[in-house]
Amino acid sequence: MRAYKTVKKKKRYSGYTAVVQATAVQYAAQKSLRSLNSKVDGMIRRVTALEQNRTVGDLQQTVLRQEQLLADQQSALETLQQMVNDQDDSLQSLQQTVTAQSQKITDLEQQVQALSGAKAYWQGKKWVAFGDSISAGFQLDDPDTQLYSQLIAKDLGLQLVSGSMHAMNSMGYTVTAGTAVGQHSMPAYVNADKNTDANLVTVFAGTNDFGRTVAMPLGTMADDANTESFYGRLKFTCDLLSAKYPNALVILVTPLPRHDCEDGTKGAVEPTKTLVDYADAIRQVAALYSFPVLDLTRESGMQMRSKTFRTAYMADNIHPNAAGHAKFIAPALERFILQHTPVM
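Notes on the structure follow. Just so we're clear, the structure is a prediction, and the values are computed from it rather than from any experiment.

Okay, the overall build of the protein next. The helix and strand tally for the protein stands at 11 helices and five strands. Each of the 344 residues in the protein was classed as buried or not, and the buried ones make up 36%. With an accessible surface of roughly 20000 Å², the protein has 55% of that area assigned to carbon and sulfur atoms.

Following this line, the structure appears as structure tokens:
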């Protein structure tokens, strides 16, 4: 009986041990499983983190690419805006050019209209043309058709008066001729003219005062009308012109350039005086009387230093040929007359 109980007790202990052992094995297995699960979870977390990091990196690369694309687009937009600005500037500049050109066209149309009106004004008007041998047509084959005054009169319809131009503008005609040749002085010719109703009076002289020994000294602006000098006699002449032709347009014309005074200091009476000095005297005196001055000394365009020019346009060192009258004197004086046509 006791042996049975012992056996039975052993069996019970044996079963309990088995259970304990099984439980231990189960616990160990569960622990191993948990450890494995933990490791798996860790691996999953690492994999997830890696994937997330890779995704973040990809996103960052995408963001960088988008930012670069945006920067490129911004740069392109700025370039386009600059092009638009440039086009606007070009358009504005073009509009300004068009406006300026339109104004020029308008001005030219007005000038053409004014010139047409000015030309019409002079139709049939009387013109007294005082001058020296150049105005007399010296060295021309046919002064009646080649002389500057004849060319202008024909174009504007002016009536040249005072009889024969050749007689009125005789050779040697000066402003300051002495007593011996007083008949050739400008005051003498102005006194002799009877056309007090003239509409236009031109005085083209001074070259003989510069280049002939019978003339008087140049003088100064301080000289009065009684002084025997170029300044004085020119003032005297202008007094006569103002008194005789109160209703006329009076124009003074300075001498043409001369080849015989290239150095500018070959005045016959005063070798130190230049032709420009005489031109200046004419301009200064004319200003006292409000007479407009055509300065051919400075602005005729006649290139007297050029032998080629002189061959083409000069009969000698002083007198233009027909081509010189037609190309230089006539156009310049005609334009000047039209520019100073009285208001109609």
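Within the secondary structure, Val285 is located in helix α8 (residues 275–289). Separated by 33 residues in sequence, Val285 and Leu252 place their C-alpha atoms 10.0 Å apart. Leaving out residues up to four positions away in the same chain, Val285 has contacts with Met221, Tyr231, Leu234, Lys235 and Cys238.

Turning to the packing of aromatic side chains, a few remarks are in order. The full count for this structure, using the stated rule, is eight aromatic pairs. With centroids separated by 5.8 Å and ring planes inclined at 70°, the aromatic side chains of Tyr148 and Phe204 adopt a geometry described as edge-to-face. Taken together, the positions of Tyr148 in helix α3 (residues 148–156) and Phe204 in strand β3 (residues 200–204) put the pair 56 residues apart, joining distant regions of the chain. Grouping residues by exposure puts Tyr148 and Phe204 together as buried. Measuring from ring centre to ring centre gives 5.3 Å for Phe309 and Phe328, while their planes differ by 65°; the resulting arrangement is edge-to-face. Here Phe309, found in helix α10 (residues 307–313), pairs with Phe328, found in helix α11 (residues 322–339); they are 19 residues apart in sequence, far enough to count as distant. For the pair shown, Phe309 and Phe328 are each scored as buried. Over the face of the ring belonging to Tyr121 we find Lys125, whose NZ or CZ atom lies 4.4 Å from the ring centre.

All right, on to the layout of surface pockets then. One way to see where empty space is left: roll a probe the size of a water molecule over the atoms. In this model, the second largest pocket occupies a volume close to 170 Å³. Lining the second largest pocket are 13 residues, with Leu294, Glu299, Ala332, Arg335 and Phe336 sitting closest to its centre. Only β5 (293–294), α9 (296–299) and α11 provide two or more residues apiece to the lining of the second largest pocket. With six residues, the single largest contributor to the lining of the second largest pocket is α11. Residues of the lining of the second largest pocket, tallied by class, amount to six nonpolar, two polar and five charged.

Attention now goes to the pattern of salt bridges. According to the stated counting rule, one finds five salt bridges in the structure shown. Where Lys126 meets Asp197, a salt bridge forms, and the shortest distance between an N and an O atom there is 2.8 Å. Separated by 71 residues along the polypeptide, Lys126 in strand β1 (residues 126–131) and Asp197 in the loop between α5 (186–192) and β3 bring together distant segments of the chain. Asp295 is the salt-bridge partner of Arg283, the closest N and O atoms lying 3.3 Å from each other. On the criterion of sequence distance, the pair formed by Arg283 in helix α8 and Asp295 in the loop between β5 and α9 is long-range, its members being 12 residues apart. Under the relative-accessibility criterion, Arg283 is labelled partly exposed at 39%. Each of Asp280, Arg283, Asp295 and Arg298 takes part in salt bridges that share partners, so that together they form one network.

This part is about the pairing of strand β4 (residues 249–253). A regular strand carries its side chains on alternate faces of the sheet. Burial of β4 is extensive: five of the five residues sit out of reach of the surface. Residue alternation in β4 divides its side chains into two sets, Leu249, Ile251 and Val253 and Val250 and Leu252, and both sets are buried. Taken together, the five bridges between β3 and β4 define a ladder with parallel strand orientation. When the sheet's bridge partners are listed, Phe204 is paired in β4 with Val253. For β4 and β5, the ladder comprises two bridges, and the chain directions are parallel.

A few words on unusual backbone geometry. Its identity is not glycine, yet Gln139 carries a phi of approximately 80°, on the positive side. Checked against the element boundaries, Gln139 lands in the loop between β1 and α2 (143–146). In the Ramachandran plot, Ser290 falls in the positive-phi region, its phi being about 60° despite a non-glycine side chain. Tracing the chain through its elements places Ser290 in the loop between α8 and β5.

Rules of the game
Residues numbered from 1 in each chain as written. Predicted model: local features only at pLDDT ≥ 70, side-chain atom pairs only at ≥ 80, totals over all residues. Heavy atoms only, no water. Helix = DSSP H or I, 4+ residues; strand = E, 2+ residues; numbered from the N terminus. Buried < 20%, exposed > 50% of the residue type's maximum accessible area, 1.4 Å probe, protein only. Areas by Shrake-Rupley, 256 points an atom, 1.4 Å probe, with all protein chains shown as cover. Contact = heavy atoms within 4.5 Å. Phe/Tyr/Trp six-rings, centres within 6.5 Å; stacked < 30°, edge-to-face > 60°. Lys NZ or Arg CZ within 6 Å of the ring centre and 35° of its normal. 1 Å grid on protein atoms, 1.4 Å probe; cavity = no way out; pocket = protein on both sides within 12 Å on 5 of 7 lines; lining within 4 Å. Points joined across faces, edges and corners; volume = space filled by probe spheres on them. Nonpolar A, V, L, I, M, F, W, Y, C, P; charged D, E, K, R; others polar. Salt bridge = Lys/Arg side-chain N within 4 Å of Asp/Glu carboxyl O. Pairing = 2+ DSSP bridges.

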